[in-house]
Amino acid sequence: MKQEPAAQNSPPASPPSSQPLSEDDDPQALWIFGYGSLVWRPDFAYSDSRVGFVRGYSRRFWQGDTFHRGSDKMPGRVVTLLEDREGCTWGVAYQVQGEQVSKALKYLNVREAVLGGYDTKEVTFYPQDTPDQPLKALAYVATPQNPGYLGPAPEEAIATQILACRGFSGHNLEYLLRLADFMQLCGPQAQDEHLAAIVDAVGTMLPCFCPTEQALALV
Ligand SMILES: N[C@@H](CCC(=O)N[C@@H](CS)C(=O)NCC(=O)O)C(=O)O
């Protein structure tokens, strides 16, 4: 049964153990690392989840999105991983086992690769509670070679784009704020200056985006 996260923007709770196979018993067992929307909306069945981080990567709002959080005319901005020797990116790893593996990969191939332009990459994941016992995990990364890649921009410009865009999965601002909420939950040791700068820029600009009384009167 798919485990729905207890609260949308908190790391999904580990499902009650139904005597899952140990990794040794299930050679197909796989960990999938989420660092963007997968953090709050995995939308695939999993056996376990861990909050933690990957080293050697930084998260950046450098991927354009014309489906989930934007449109062809107004592409939104979602996150990808940038190789960065000093980087550390926090997220959630989900363990899929048995028949969950093929179902999860089939679903993510459509959501991430076909609709999002992401490729798969193996990363080393460090669980927050057991960083001395790292796990191999699969991550979906949007490389500069994919057609939707937008690359770097000033955080203020990224904030403006996020405030203006929405897609089939909702507003781009929701995407930003749910990720920021997750990072708050991870605690003070989890910092993401790029994310924080965009949230700050949104906070500064939001008053300019609020409808005036006159505009509301027209609704
Ligand atoms: N691969 C990253 C980013 C994935 C991501 O945010 N992809 C977007 C755009 S393709 C998505 O699935 N959006 C669904 C949503 O915005 O709810 C992750 O592991 O979370």
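Residues numbered from 1 in each chain as written. Predicted model: local features only at pLDDT ≥ 70, side-chain atom pairs only at ≥ 80, totals over all residues.

Draft legend 1. Here's a closer look at the overall build of the protein chain. Assigned secondary structure in the protein chain consists of five helices and seven strands. Helices (α) and strands (β) of the protein chain occur, in sequence order from the N terminus, as β-β-β-α-β-β-α-β-β-α-α-α. Within the protein chain, the proportion of its 219 residues that are buried is 40%. At a minimum sequence separation of 6, the contacts of the protein chain that also span at least 24 residues come to 76%. (Helix = DSSP H or I, 4+ residues; strand = E, 2+ residues; numbered from the N terminus. Buried ≥ 20, exposed ≤ 12 C-beta atoms within 10 Å, placed from the backbone. Contact = placed C-beta atoms within 7 Å.)

Draft legend 2. Quick peek at the sheet that holds strand S3 (residues 76-96). Here we have five strands rolled up into a closed barrel, ordered S1-S3-S2-S4-S5, and mixed in their pairing. Across the sheet, the mean angle separating the axes of adjacent strands is 45° when strand polarity is ignored. As judged from the 15 bridges shared by strand S2 (residues 48-65) and S3, these two strands associate in the antiparallel manner. Bridge pairing in S3 places Arg55 opposite Cys88. (Pairing = 2+ DSSP bridges. Axes fitted to C-alpha atoms, helices over the stretch in contact; angles between N-to-C directions.)

Draft legend 3. Layout of helix H1 (residues 99-114). Over its 16 residues, H1 runs 22 Å from end to end, which matches the ideal 22 Å to within 8%, given 1.5 Å per residue. At Leu108, H1 shows its maximal kink, close to 30°. Listed as buried for H1 are Gln100, Ala104, Leu108, Arg111 and Glu112. In this structure, the buried side of H1 is in contact with strand S1 (30-34), S3 and strand S5 (135-141). (Expected span 1.5 Å × (residues − 1). Bend = angle between axes of the 7 residues up to and from the residue.)

Draft legend 4. Focus on the site of the ligand. Inspection of the region around the ligand gives 20 residues, with Gly36, Ser37, Leu38, Gly116 and Ser169 positioned closest. By residue class, the composition of the shell around the ligand is nine nonpolar, six polar and five charged. (Near = placed C-beta within 6 Å. Nonpolar A, V, L, I, M, F, W, Y, C, P; charged D, E, K, R; others polar.)

Draft legend 5. Examining the pairing of S2 more closely. S2 sits mainly inside the fold: 14 of its 18 residues count as buried. Alignment of S2 against strand S4 (residues 119-127), held across three bridges, turns out to be antiparallel. The residue bridging Val54 from the neighbouring strand is Phe125, located in S4.

Draft legend 6. Just the nonpolar core, in detail. If you look at the biggest cluster of nonpolar residues, it comprises 50 residues, and the most contacted ones within it are Ile32, Phe33 and Ile198. A total of nine residues in this core trace back to one element, the largest contributor, which is S3. Setting aside residues no more than four positions away along its own chain, Phe33 makes contact with Val54, Gly91, Ala93, Val123, Phe125, Ala137, Leu138 and Ala139. (Core = buried A, V, L, I, M, F, W, Y, C linked by C-beta atoms within 7 Å.)

Draft legend 7. Focus on the environment of Pro134. You can see Pro134 is positioned in the loop between S4 and S5. C-alpha separation for the pair Pro134 and Gly117, spaced 17 residues apart in sequence, amounts to 28 Å. Once you skip the residues sitting within four places of it in the chain, Pro134 turns out to touch Thr124, Phe125 and Tyr126.

Draft legend 8. Here's a closer look at the confidence of the model for the protein chain. Confidence in the prediction of the protein chain, expressed as mean pLDDT, is 88, and 85% of residues score 70 or more. Throughout residues 1-10 the model reports pLDDT below 50, and contacts reaching past four residues in sequence, or to other chains, amount to 18 contacts. Confidence estimates for the predicted assembly give a pTM of 0.86 and an ipTM of 0.94. (pLDDT = per-residue confidence, 0-100.)

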